[in-house]
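Reading the structure
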Amino acid sequence: MGLLSAGTPLSWDDTKKVADHIRSHGITQFLHIWDRLKDKNGDELLWGDEIEYMVVVLDDKTKNAKLSLRQTEILTKLSSIVNNLSLETEDAIAIPTFHPEYGRYMLESTPGSPFTGSITDLLSVEKNMRYRRTLARRYLKPNEIPLTLTSFPRLGSPGQFTEPYHNPHDAVSSHSLFLPEQITNPHARFPTLTANIRRRRGSKVAINLPIFVDEKTPRPFIDPTIPWDRSIYAEDPEAKNGAALPDHIYMDAMGFGMGCCCLQLTYQACNVSDARRLYDGLIPIGPIMLALTAGSPIWRGFLSDVDCRWNVVAGSVDDRTVEERGLKPLEHDRFKIPKSRYDSVDFLWLLTPASIIVYGSMHIAHLFIRDPLVVFSETIDQDDKESSDHFENIQSTNWQTLRFKPPPPKSPIGWRVEFRSMEVQMTDYENAAYAVFITLLSRAILSFNLNFYIPISKVDENMSRAQGRGASQSEKFYFRKDVCPGGNSPKSSGSSSPVDESRPKDRKMRNCFPPPEIPENGVPKGPVEEEYSEMTIHEIINGKGDSYPGLLGLIWAYIDTLDVSQQELSKIHSYLDLIRRRANGSLLTPATWVRNFVRTHPAYAHDSVVTQEINYDLIVAVDEIERGVRNVADLLPEDYTGGEADGGSISP
Ligand code: ADP
Ligand code: MG
Ligand code: MG
Ligand code: MG
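Here we summarise the structure given alongside this text.

About the criteria used
- Residues numbered from 1 in each chain as written.
- Chains lettered and ligands numbered in written order.
- Predicted model: local features only at pLDDT ≥ 70, side-chain atom pairs only at ≥ 80, totals over all residues.
- Heavy atoms only, no water.
- Helix = DSSP H or I, 4+ residues; strand = E, 2+ residues; numbered from the N terminus.
- Polar contact = N/O pair within 3.5 Å; in protein donor to acceptor, adjacent residues only side chain to side chain.
- Donors = N, O, S within 2.8 Å, 3.2 Å for Na, K, Ca; no water.
- Buried < 20%, exposed > 50% of the residue type's maximum accessible area, 1.4 Å probe, protein only.
- Axes fitted to C-alpha atoms, helices over the stretch in contact; angles between N-to-C directions.
- Parallel < 35°, antiparallel > 145°, perpendicular 65-115°, else oblique.
- Contact = heavy atoms within 4.5 Å.
- Nonpolar A, V, L, I, M, F, W, Y, C, P; charged D, E, K, R; others polar.
- Phe/Tyr/Trp six-rings, centres within 6.5 Å; stacked < 30°, edge-to-face > 60°.
- Lys NZ or Arg CZ within 6 Å of the ring centre and 35° of its normal.

Looking at where D319 falls in the secondary structure, it is placed in the loop between helix 10 (310-316) and strand 13 (342-343). At 2.8 Å, the side chain of D319 forms a polar contact with the side chain of R341.

This paragraph deals with the coordination of the magnesium ion (ligand 2). Coordination sphere of the magnesium ion (ligand 2), protein contribution only: E52 (OE), E101 (OE) and E108 (OE), at 2.0 to 2.2 Å. Mapped onto the sequence, the donors of the magnesium ion (ligand 2) take the spacing E-x48-E-x6-E. In this model, the magnesium ion (ligand 2) sits 4.0 Å from the magnesium ion (ligand 3), the two metals being bridged by E108. Placement of E52 in strand 1 (residues 46-59) and of E108 in strand 4 (residues 106-110) is noted, with a sequence separation of 56 residues between them. Here E52 matches E108 in class, with each residue buried.

Bringing the packing of helix 13 (residues 428-448) against helix 17 (residues 550-559) into the picture now. Closest axis-to-axis distance for the helix 13/helix 17 pair is 9 Å, and the angle between their directions is 75 degrees. Relative to helix 17, helix 13 is oriented roughly perpendicular. Here F437, L440, L441, R443, A444, S447 and F448 of helix 13 lie close against helix 17, whose contacting residues are L551, L552, L554, I555, A557, Y558 and I559. Looking at the contact of helix 13 with helix 17, its residues break down into 12 nonpolar, one polar and one charged.

Aromatic ring pairs: the centre-centre distance and the angle between the two ring planes describe each pair. Taken as a whole and judged by the stated rule, the model has 19 aromatic pairs. A centroid spacing of 4.8 Å and a plane angle of 45 degrees characterise the contact between W47 and F115, whose relative ring orientation is tilted. With W47 in strand 1 and F115 in strand 5 (residues 115-116), the pair connects residues that are 68 residues apart, well separated along the chain. Assessed through its relative accessible area of 4%, F115 is described here as buried. One aromatic cluster is present, formed by F30, W34, Y279, F368, F391, F404 and W415 through successive ring pairs. When the ring centre of Y478 is taken as reference, the NZ or CZ atom of K458 above it lies at 4.7 Å. Positioned above the aromatic ring of F212, the side-chain terminus of R595 is 5.1 Å from the ring centre.

By themselves these figures say nothing about function.
Have a look at this one:
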């Protein structure tokens, strides 16, 4: 979410004047960190998740589910309460942290201190997540719930979708036709970001998602809920003049994207080399996990033909001018820029030792083609040896599938990599399962030197495929054929295993592995097109033939190197089995489940419209699923018993 420094934000015109200053000092700040810490080595595995929630208020009388705009009050209460929790959490759960987010209805929680590499920590994630949700629940009003749904189905729809109600007519930052100013966190950073993206771009953002065409959806679909003729702000005629496409759901504000919730994971690496190995290794995994976690099929009250948030968020912060977007020849701007600030990564670090400087510079250079969007007048001049604020200013407004996080100045924290593509799941059991899966995969990548490299253009193509309706079952994705060095797949127990049986098993997941051997004459290379093929998610996760064991096969081979008890093994099995079943289609993605819920709702008119009543019933159902009082055998395993069941010493 980025820095929340206090101060006076500059207007866009003034920000532009200091952009080069911020950029050049940002790079100097990075170079100071680099010089001081490029040889930092031996850091242990520390990791943690971030879960974003939307607070929803249920109005049983009017049968309406609305977003509760009480973020400030709730966070104030939570932070005063968590300070008094020390007695309660003797049970070794550190007091969690709650953070604000873009939407004034959003909360983010992280574990109070990062998890270590111990198996006990790995398997405490769900309990930790549930504890955080329980705390949030406890300090909400009785009719409010912390919901982990990626997008709020009726955000920006006609009628009342916030509590309290605000009319969108005075959306001074976004100029939205649909979202009131009050949807945004009031901290100066957020309205300024919103306004400066619009000003830099030279128009409102314009997001068009294809409508899901159902039996009775009018064709062409011309959205009857767009107030076409309202023109309070100069740009409003944009909708009428073509910004809103036929057969699409049109959205015109940052809040539609940045108001979404996701699940992120951050890993500390042993050293900078391993951080880039992990970064590169996880890049091709980004789109696969987006498709598998898909959870957002409804936008502005309509069923769409996509299942994921990604392009909505990308469009919602796309500050590129018409020239930068390539719609006009370059005259005033410096570059044509192919992607929004929020998108998949631009390129890999690559593995050769010499490349660390070259690709490292390119990595930073690519981030720094962007202008700063929010600058506070009080913090323009900084000591570049002591501060990383200008670096973080640019870094934290490049929202990509992976983030390479350098150590902050004056802290013991090491080089970290953040995995950012996943959509949040409705239950903490699922969120924990994905966290456990990615954590174990990150270890398998480092431990077996897995090579997932495919061209970035193919990763981009996968990102686009991942978002389509039902992509996890219907699409194929580019994936590397031979992911193990020397073609030698590690296999899990029972088979003739190249995993070294004589090596003592680790009780803790390691962080420092021997660096990969790079043959003296380099790696022999055939044509790049022969290195990858198109595979289903089921094949990518669960394996294909004898040659490729699947990500799960690789993970099980890694688990063989660990000293885990039977009980731990069965818990790991339960998490990995969710992933296996989501991948093979025997369990639905949240997006498909939500879509089916709407399409089978008695009040649904088969016209793509998700009414207030359907939305209310959906939100109630999601809450009941989370609490384990509604069984959904097509979404969750039968033994899922609900978020309150695992309370133990942490229940209220
Ligand atoms: P951001 O919003 O910038 O991504 P957050 O502070 O919200 O950052 O989340 C960072 C996550 O990283 C948290 O889950 C936290 O537990 C975890 N974390 C904290 N310190 C470390 C560390 N040294 N190494 C790895 N992860 C860490
Ligand atoms: Mg966040
Ligand atoms: Mg965060
Ligand atoms: Mg994050």
